[in-house]
Amino acid sequence: MSAERRLFFALTLPAKLQKQVIKWRADNFLAETGRPVAAANLHITLAFLGEISELKAEALTLVAGRIQAKKFSLTLDDIGHWPGSGVVWIGTKRAPNALLQLASVLRSHAARNGCHQSTLPFHPHVSLYRSATRPVAIPPATPEWMLEATEFSLYESLYEKGRTRYRCLQTWPLAD
Ligand code: 2AM
C-alpha cells in the first residue's frame, strides 16, 4: 500500500507579491509575533484534504480538472489574529463570489471523497505567522494589494529538516 500524503488545494501568491508581503510584515510586526511563514509558502488555502491515499488524490485530481471556474481578483485589505490556532493573517473584506464558489466546489468534492472538512465557514486568508498564541499588535491596515487569480493548484505539504515546504503537484487554469 502506498504512503499517504498531506495535500491541499490553494491559490498561490505571485513571487512579486510574496516579496512585498514579507517586506511589509517585517516593517509592521514585532519579531516576537510568532513563527513567520516563508515567502514561498504564502498562499490561500481553498480546501484542505489532510493525509490522503494515492487513490483519493487521483480521484480529486480528476475532479479538479473538470471544474469550470472563472478568473477573479481580490483585494488583500483585511488583517486578523486567531489566537486559538495561533495564526496571524491577511485576507479580504469582500470575497468575490467566484472565489467562494471555487472553494465550495473543492470542499464539497473533498468531503464526498472522505476528506473531513471544517464546519467553520470558509474564510479566505494568507497565513503570515503561526504559533502566535499571545496578543498581537495588529497594524491598522494593509497596503490593499490586488491578487489576480488565474489558476489554482494542488499542493503537497512536506516537512523536511525542520521546515515545512509546499510542493506544487498540479495547476489548473481559471476561465476568462
Ligand atoms: P492555513 O490555510 O490557515 O494557513 C497546509 O497545511 C495548509 O492547509 C495550511 O495553509 C493550513 O492552514 C491549511 N489548513 C486548513 N485546515 C487545516 C487543518 N485542519 N490542518 C492543517 N492545515 C490546515
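Residues numbered from 1 in each chain as written. Predicted model: local features only at pLDDT ≥ 70, side-chain atom pairs only at ≥ 80, totals over all residues. Heavy atoms only, no water.

Caption draft 1: Seen up close, the pairing of strand E8 (residues 145-149). Covered by surrounding structure in E8 are Trp145, Leu147 and Ala149 only, the residues Met146 and Glu148 on the alternate face being uncovered. Pairing of strand E4 (residues 72-76) with E8, which is carried by 5 bridges, proceeds in the antiparallel orientation. Looking at the pairing, Leu76 lines up with Trp145 of E8. (Buried < 20%, exposed > 50% of the residue type's maximum accessible area, 1.4 Å probe, protein only. Helix = DSSP H or I, 4+ residues; strand = E, 2+ residues; numbered from the N terminus. Pairing = 2+ DSSP bridges.)

Caption draft 2: Summary view of the packing of aromatic side chains. In total, this model carries 9 aromatic pairs according to the counting rule given. Summarising the aromatic geometry, the rings of Phe8 and Tyr155 are spaced 5.6 Å apart at their centres and angled 20° between planes, so their arrangement reads as stacked. Of the two residues, Phe8 is situated in strand E1 (residues 5-12) and Tyr155 in strand E9 (residues 151-160); the sequence distance between them amounts to 147 residues. Neither residue differs from the other here; Phe8 and Tyr155 are each classed as buried. Where Phe9 meets Trp172, the ring centres are 6.0 Å apart and the plane angle is 55°; that geometry is what we call tilted. Residue Phe9 is found in strand E1, and its partner Trp172 is found in strand E10 (residues 163-173); the two are separated by 163 residues along the sequence. For the pair Phe9 and Trp172, a shared accessibility class is recorded, and that class is buried. Ring pairs connect the aromatic residues Trp24, Phe29, Tyr129 and Trp145, which therefore count as one cluster. A cation sits over an aromatic face here: Arg25 above Tyr129, 5.4 Å from the ring centre. (Phe/Tyr/Trp six-rings, centres within 6.5 Å; stacked < 30°, edge-to-face > 60°. Lys NZ or Arg CZ within 6 Å of the ring centre and 35° of its normal.)

Caption draft 3: Local environment of the site of the ligand. The ligand sits among Arg6, Phe8, His43, Thr45, Phe48, His125, Ser127, Arg130 and Tyr166. A distance of 2.8 Å separates an oxygen atom of the ligand from a polar side-chain atom of Thr45. One nitrogen or oxygen atom from the side chain of Ser127 is found 2.6 Å from an oxygen atom belonging to the ligand. Here the ligand, which alone exposes 460 Å², has 67% of that area covered by the protein. Mapping the ligand onto the cavity grids shows that it belongs to the largest pocket. Here the residues of the shell around the ligand are counted per class, giving 3 nonpolar, 4 polar and 2 charged. (Near = heavy atom within 4 Å. Polar contact = N/O pair within 3.5 Å; in protein donor to acceptor, adjacent residues only side chain to side chain. Areas by Shrake-Rupley, 256 points an atom, 1.4 Å probe, with all protein chains shown as cover. 1 Å grid on protein atoms, 1.4 Å probe; cavity = no way out; pocket = protein on both sides within 12 Å on 5 of 7 lines; lining within 4 Å. Sits in = over half its atoms within 2 Å of the grid points. Nonpolar A, V, L, I, M, F, W, Y, C, P; charged D, E, K, R; others polar.)

Caption draft 4: Highlighting the side chain of Thr142. Summarising the element assignment, Thr142 is placed in the loop between strand E7 (125-130) and E8. Within the structure, the side chain of Thr142 is placed 2.6 Å from the backbone oxygen of Leu76, a separation counted as a polar contact. Here Glu144 takes part through its backbone nitrogen, which lies 2.9 Å from a polar atom of the side chain of Thr142. Aside from chain neighbours lying at most four places away, what touches Thr142 is Trp24, Leu76, Asp77, Asp78, Ile79 and Ile90. (Contact = heavy atoms within 4.5 Å.)

Caption draft 5: The arrangement of the side chain of His109 in detail. Turning to its location among the elements, His109 is positioned in helix H3 (residues 97-112). A relative accessible area of 18% means that His109 is categorised as buried.

Caption draft 6: Looking closely at the layout of surface pockets. Estimates place the volume of the largest pocket at around 1100 Å³. Along the wall of the largest pocket there are 32 residues; nearest its centre are Thr45, Phe48, His125, Ser127 and Arg130. Listed by contribution, the elements that provide at least two residues to the lining of the largest pocket are E1, strand E2 (35-36), strand E3 (43-52), E7, E9 and E10. Residue contributions to the lining of the largest pocket peak at 5 residues, all from E3. The class makeup of the residues in the lining of the largest pocket is 14 nonpolar, 13 polar and 5 charged. (Points joined across faces, edges and corners; volume = space filled by probe spheres on them.)

Caption draft 7: Broad picture of H3. With 16 residues, H3 ought to run about 22 Å at 1.5 Å a step, and its terminal C-alpha atoms sit 22 Å apart, in line with that. If you check which residues of H3 are buried, you get Leu99, Leu102, Ala103, Leu106, Arg107, His109 and Ala110. Summarising the axial view, the buried residues of H3 lie within an arc of 160°, below the 170-degree limit, and thus occupy one face. Along H3, exposed side chains directed more than 90 degrees from the buried face belong to Asn97, Gln101 and Arg112. Summarising the contacts, the buried residues of H3 are in contact with E1, E3, helix H2 (54-66), E4 and E9. Remark: Gly114 follows H3 within two positions and exhibits a positive phi of approximately 85°. (Expected span 1.5 Å × (residues − 1). Arc of directions from axis to C-beta.)

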